[in-house]
Amino acid sequence: MALIGGAVTAVTAGLIALPSFNGGDPAFASWTSAPAGMSAQERGRAADQCRAYQKNTASGMYSQDVETAKLAIGERRGAWTTVVLAGEDGFSAMCITDDSTHLFNRGMIGSIGKPAHRANPGARELSATALGSGTISGSNLSLAAGTAGPDIAGISYQSQSHGTVKATVNLGHFALWLPGEELQNASSRGMEVEVTYRDGTTGTSRLAF
């Protein structure tokens, strides 16, 4: 998976980052550890924006996948929106965007691609597709995203700097992010998350490539 904009490691391609030049949310001041929902209109607009950002990534090799992918995740953390588009053969594209910047100069960081060895996770399993840290508009952030088994209802990460960071889990996908470089080595060392299952029980899972 391709990483857009820094050192985040993804399964096959790379992380992409597009800088912001017009103000924005300095030091992620508005960021929240728990995501907020978005209206249907906001989700549709954010998905369209992510498609526009990603359609020419990797010289356009995923342009068809981007066009046909469905919106799996649309969340808001303060001024920031996160979108995950999901398609065939494990394809996914992720965009984290600072919506407080000018429409034509918004910073974006994300990932795109297909897993090298795709296997659907078991009912209580997680599989990472993007994991690590990157830079947007001169500030560092850490992110984790991937696929989740059908028995998984919630995921959270206990951050040393930010406390409990909750992921959005929807349509078999999950995503979370936080300011800083805390997960910069997670792609090789792994990271532990807490999982809540649909029957109300809890457990832990380790994300790694």
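Look up: the structure comes first, before these words.
Procedures and definitions
Residues numbered from 1 in each chain as written. Predicted model: local features only at pLDDT ≥ 70, side-chain atom pairs only at ≥ 80, totals over all residues. Heavy atoms only, no water. Salt bridge = Lys/Arg side-chain N within 4 Å of Asp/Glu carboxyl O. Helix = DSSP H or I, 4+ residues; strand = E, 2+ residues; numbered from the N terminus. Buried < 20%, exposed > 50% of the residue type's maximum accessible area, 1.4 Å probe, protein only. Pairing = 2+ DSSP bridges. Axes fitted to C-alpha atoms, helices over the stretch in contact; angles between N-to-C directions. Core = buried A, V, L, I, M, F, W, Y, C linked by side-chain atoms within 4.5 Å. Contact = heavy atoms within 4.5 Å. Phe/Tyr/Trp six-rings, centres within 6.5 Å; stacked < 30°, edge-to-face > 60°. Lys NZ or Arg CZ within 6 Å of the ring centre and 35° of its normal. 1 Å grid on protein atoms, 1.4 Å probe; cavity = no way out; pocket = protein on both sides within 12 Å on 5 of 7 lines; lining within 4 Å. Points joined across faces, edges and corners; volume = space filled by probe spheres on them. Nonpolar A, V, L, I, M, F, W, Y, C, P; charged D, E, K, R; others polar. Disulfide = S-S within 2.5 Å.

1. Focus on the pattern of salt bridges
Here comes step 1: According to the stated counting rule, one finds 5 salt bridges in the structure shown.
Here comes step 2: Linking D48 and R51 is a salt bridge whose minimum nitrogen-to-oxygen distance equals 3.8 Å. With D48 and R51 both in helix α1 (residues 40–54), this residue pair falls 3 residues apart, about one helical turn.
Here comes step 3: Residue R51 is classed as buried on the basis of its relative accessible area of 17%.
Here comes step 4: The partner of R76 in a salt bridge is D99, with the nearest N and O atoms 3.6 Å apart. On the criterion of sequence distance, the pair formed by R76 in strand β4 (residues 70–77) and D99 in the loop between β6 (92–98) and β7 (108–113) is long-range, its members being 23 residues apart.

2. A short note on the sheet that holds strand β11 (residues 163–166)
Here comes step 1: In spatial order, the strands read β11-β10-β14-β15; together these 4 strands make up an open sheet with antiparallel pairing. Looking at which strands have only one partner, the edges of the open sheet turn out to be β11 and β15 (202–207). In this sheet, neighbouring strand axes are inclined to one another by 35° on average, regardless of whether the strands run parallel or antiparallel.
Here comes step 2: Note: strand β10 (residues 152–159) against β11, 4 bridges, orientation antiparallel. Residue S159 lies in a different strand from β11, and its bridge partner there is G163.

3. Thoughts on the nonpolar core
Here comes step 1: Membership of the largest hydrophobic core comes to 38 residues, with the highest contact counts inside it found for I96, L126, L141, W177, M191, V193 and L207.
Here comes step 2: Excluding residues that lie within four positions of it along the chain, W177 makes contacts with F28, W31, E75, R77, W80, T82, I96, L141, S142, L143 and V165.

4. Details of the packing of aromatic side chains
Here comes step 1: Counting across every chain of the model gives 5 aromatic pairs.
Here comes step 2: With a centroid separation of 5.6 Å and 65° between ring planes, the pair formed by F28 and W177 is classed as edge-to-face. Placement of F28 in the loop between β3 (14–18) and α1 and of W177 in strand β13 (residues 173–179) is noted, with a sequence separation of 149 residues between them. Here F28 matches W177 in class, with each residue buried.
Here comes step 3: An angle of 65° between the planes, with centres 5.4 Å apart, marks the rings of W80 and W177 as edge-to-face. Taken together, the residues span a long stretch of sequence, with W80 in strand β5 (residues 80–86) and W177 in strand β13 at a distance of 97 residues. When sorted by exposure, W80 lands in the same class as W177, which is buried.
Here comes step 4: One aromatic cluster is present, formed by F28, W31, W80 and W177 through successive ring pairs.
Here comes step 5: In this structure, R124 is placed above the aromatic ring of Y197, and the distance from its NZ or CZ to the ring centre is 3.9 Å.

5. Focus on the layout of surface pockets
Here comes step 1: The computed volume of the largest pocket comes to approximately 490 Å³.
Here comes step 2: Lining the largest pocket we find 30 residues, and of these P115, A119, S127, T129 and T147 sit closest to its centre.
Here comes step 3: Going through the elements one at a time, β5, β6, β8 (126–136) and β9 (139–148) are the ones with two or more residues in the lining of the largest pocket.
Here comes step 4: If you tally residues by element for the lining of the largest pocket, the top one is β9, at 4 residues.
Here comes step 5: Counted by class, the lining of the largest pocket contains 17 nonpolar, 12 polar and 1 charged residues.
Here comes step 6: Here the second largest pocket defines a volume of roughly 200 Å³.
Here comes step 7: Lining of the second largest pocket is provided by 13 residues; of these, Y157, E182, L183, G190 and M191 occupy positions nearest its centre.

6. Comments concerning the side chain of S205
Here comes step 1: Mapped onto the secondary structure, S205 falls in strand β15.
Here comes step 2: A residue is classified by how much of its surface remains accessible, and S205, at 15% relative accessible area, is buried.
Here comes step 3: Setting aside residues up to four positions removed in sequence, S205 forms contacts with L126, M191, E192, V193 and V195.

7. Description of the state of the cysteines
Here comes step 1: Scanning the entire structure with this criterion turns up 1 disulfide.
Here comes step 2: With a sulfur-sulfur separation of 2.1 Å, C50 is cross-linked through a disulfide to C95. Linking C50 and C95, the disulfide has an S-S dihedral of approximately 75° and is accordingly described as right-handed. Of this pair, C50 sits in helix α1 while C95 sits in strand β6, and the two are 45 residues apart along the sequence.

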